[in-house]
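Descriptive analysis of the structure
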Amino acid sequence: MTKDSLLHRDAISRVFWEPYIITGYRKTNTSFWECVKYTCVMHNDVGNFWSHFIPVILWLIWLWRLSDSLDFSDPFWYPLVCIWIGGCSYALCSSIAHALACKSLETRQIACMIDYQGITMYGIGGCVAYYFYERPLDNVLFQYKWTFIIAYVVICCIATLQCSLSRFFWERQRYLMRAGSYVLPYNAALMPFFLRMFTCIWTGEQCIAETLPYHLMLNLFTYLAIFFFCF
């Protein structure tokens with residue numbers, strides 16, 4: 001595969017078009033091996049593949065290095081492992097989706113839905129980590145951990161379903177629908193942190209001053225990303 005094999009968007013079906021991208025498309029109805037070879041060609045989706053696949057490798061290396069200093073059989077680290085599994089699942093699902101997006105229309109649709117499910121798995125891992133590490137103690141809302149986590153899983157499944165349906169409906173608002181689908185799960189996962197922050201402000205107790213700037217910066221960049229994705 002070379003750059004000479006790339007196409008103008010007029011040479012492929014409209015369903016494979018991406019907004020504002022005119023050239024650099026891979027040919028469609030390719031074999032699995034051709035999809036793999038395209039990952040080493042500078043086409044208009046190669047950045048999406050490598051920007052997700054490389055973090056999977058880095059996360060696994062980081063986890064392996066930390067295993068020398070942390071005892072992952074200690075239940076304290078289970079939530080951290082959960083968010084690592086969710087993060088690796090999300091990045092791996094997304095990289096596979098971008099790699100196989102040109103194979104066929106059916107494969108493209110299925111791969112994108114798997115990508116949405118990967119985001120859901122990352123969210124669930126984050127929900128578990130925030131619940132066990134950041135929730136305020138003795139708060140009535142978090143007395144029943146399985147209720148909170150199961151409710152979050154249901155919310156994420158609905159978000160995944162809505163994202164998947166947006167591939168067939170709501171063409172003009174599909175990006176807004178997809179972003180909106182994950183705003184609610186994202187904020188739901190952060191509920192333990194927000195309540196703990198409000199507890200700190202209101203009572204001066206259970207403060208997490210050393211990590212607060214990181215959380216606020218994370219939220220700032222997340223909402224900026226959502227804004228630019230929608231508009």
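For the structure, check the block above.
Now for a quick tour of the structure. Fair warning: this is a prediction, and the values are worked out from it, not measured in the lab. (Residues numbered from 1 in each chain as written. Predicted model: local features only at pLDDT ≥ 70, side-chain atom pairs only at ≥ 80, totals over all residues. Heavy atoms only, no water.)

**Quick look at unusual backbone geometry**
Of note in this structure, Asn-29 is not a glycine but carries a positive phi near 55°. Relative to the helices and strands, Asn-29 is located in the segment before helix H1 (32-38). (Helix = DSSP H or I, 4+ residues; strand = E, 2+ residues; numbered from the N terminus.)

**Thoughts on a nonpolar patch on the surface**
Taken together, the side chains of Trp-50, Ile-54, Ile-57, Leu-58, Ile-61 and Trp-64 present a nonpolar region at the surface, about 600 Å² in accessible area. Looking at where Trp-50 falls in the secondary structure, it is placed in helix H2 (residues 46-66). By relative accessible area, which is 32% here, Trp-50 ends up partly exposed. (Patch = residues over 30% accessible without salt bridge, like charges linked within 9 Å, V, L, I, M, F, W, Y side chains within 5 Å. Areas by Shrake-Rupley, 256 points an atom, 1.4 Å probe, with all protein chains shown as cover. Salt bridge = Lys/Arg side-chain N within 4 Å of Asp/Glu carboxyl O. Buried < 20%, exposed > 50% of the residue type's maximum accessible area, 1.4 Å probe, protein only.)

**Observations concerning the state of the cysteines**
Enumeration according to the criterion identifies zero disulfides in this entry. Cys-40 forms no disulfide, and the closest cysteine sulfur to it belongs to Cys-35, at a distance of 13 Å. There is no disulfide at Cys-156, and the cysteine sulfur nearest it, in Cys-157, is 7.1 Å away. For Cys-156, a relative accessible area of 1% corresponds to the buried category. (Disulfide = S-S within 2.5 Å.)

**A word on the pattern of salt bridges**
Taken as a whole, this structure holds two salt bridges when the rule is applied. Of the charged contacts, one joins Asp-45 and Arg-26 as a salt bridge, the two residues approaching to 3.2 Å between their closest N and O atoms. Within this pair, whereas Asp-45 is found in the loop between H1 and H2, its partner Arg-26 is found in the segment before H1, the two being separated by 19 residues in sequence. A relative accessible area of 13% places Asp-45 in the buried class. The exposure class of Arg-26 is buried, given its relative accessible area of 8%. For Lys-27, the salt bridge goes to Glu-34, with nearest N and O atoms at 3.3 Å.

**Focus on the nonpolar core**
Residues Cys-127, Val-128, Tyr-131, Phe-142, Phe-148, Ile-149, Tyr-152, Cys-156, Ala-188 and Ala-189 constitute the largest nonpolar core, which totals 10 residues. Put simply, the parts of the chain that give this core at least two residues each are helix H4 (105-134), helix H5 (145-165) and helix H6 (174-189). Counting residues per element, this core draws most heavily on H5, at four residues. Excluding residues that lie within four positions of it along the chain, Val-128 makes contacts with Pro-79, Cys-82 and Ile-149. (Core = buried A, V, L, I, M, F, W, Y, C linked by side-chain atoms within 4.5 Å. Contact = heavy atoms within 4.5 Å.)

**A short note on H6**
Between the first and last C-alpha of H6 there are 23 Å, a value that for 16 residues agrees with the 22 Å anticipated at 1.5 Å per step. Taken together, the buried positions of H6 are occupied by Arg-174, Arg-178, Ala-179, Ser-181, Tyr-182, Pro-185, Tyr-186, Ala-188 and Ala-189. (Expected span 1.5 Å × (residues − 1).)

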